[in-house]
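Okay, here's what each chain looks like letter by letter:
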Amino acid sequence: MRVCRRATFNSAHRLYRKDWSDEKNQEIFGKCNNKNYHGHNYTLEVWVSGKVNEETGYLIDLKIVKDLIKDEIIERFDHRNLNLDCIEFENLNPTAENIVMVSWNLLRSKLDKSFGLSIKLWETENNIVEYDGN
Ligand code: NI
């Protein structure tokens with residue numbers, strides 16, 4: 001059994017590596033390397049797995065998941081420039097893959113160990129990444 005809480009946030013980023021030349025960054029990241037940054041409306045799906053509690057009928061109270069997402073993800077990344085404002089990406093390229101891994105680690109550290117956790121992140125309507133620790 002899995003339950004899901006959805007959330008959205010808006011962030012700016014630029015894909016590039018400080019240790020690469022301008023030419024190599026442009027070759028690999030193209031438009032995403034725009035030096036003045038660009039934005040995305042991200043959608044996050046946080047899927048929690050486990051057993052349904054017989055007393056409550058809940059797998060987990062989704063209010064708990066909602067608050068975790070707000071405290072750990074939204075407060076950190078919403079209306080921020082990921083490269084400039086977020087310590088997590090100071091030396092980590094803020095690709096969708098890295099954003100979902102950072103988000104998973106943040107939530108995993110706060111979620112009771114009895115639950116499984118998988119996160120999906122939509123960077124655009126058509127580009128989606130998923131991470132469950134692997
Ligand atoms: Ni982008």
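Residues numbered from 1 in each chain as written. Predicted model: local features only at pLDDT ≥ 70, side-chain atom pairs only at ≥ 80, totals over all residues. Heavy atoms only, no water.

Give me the lowdown on the coordination of the nickel ion, citing residues and values where you can.
Coordination of the nickel ion by the protein involves His13 (NE2), His38 (NE2) and His40 (NE2), with metal-donor separations of 2.0 to 2.1 Å. The sequence motif formed by the donor residues of the nickel ion is H-x24-H-x1-H. (Donors = N, O, S within 2.8 Å, 3.2 Å for Na, K, Ca; no water.)

So what's going on with the pattern of salt bridges? Residues and values would help.
Between side chains of opposite charge, a pair can form as their charged atoms come close. Summed over the entire model, instances satisfying the criterion amount to 6 salt bridges. The salt bridge partner of aspartate 19 is arginine 17, with a shortest N-O separation of 2.9 Å. (Salt bridge = Lys/Arg side-chain N within 4 Å of Asp/Glu carboxyl O.)

So what about the sheet that holds strand E2 (residues 38–49)? Which residues, and what values?
Strand order across the open sheet formed by 5 strands is E3-E1-E2-E4-E5, with mixed pairing between neighbours. The sheet terminates laterally at strand E3 (80–81) and strand E5 (128–131), the two strands that pair on one side only. Direction of pairing for strand E1 (residues 2–13) relative to E2: antiparallel, over a ladder of 12 bridges. Opposite alanine 7, over in E2, you have leucine 44 as the bridge partner. On the sheet, helix H2 (residues 62–77) packs against E1, E2 and E3 and is oriented at approximately 15° with respect to E1. Packed on one face of the sheet, helix H4 (residues 96–108) meets E1, E2, strand E4 (116–122) and E5 and runs near 150° to E4. (Pairing = 2+ DSSP bridges. Helix = DSSP H or I, 4+ residues; strand = E, 2+ residues; numbered from the N terminus. Contact = heavy atoms within 4.5 Å. Axes fitted to C-alpha atoms, helices over the stretch in contact; angles between N-to-C directions.)

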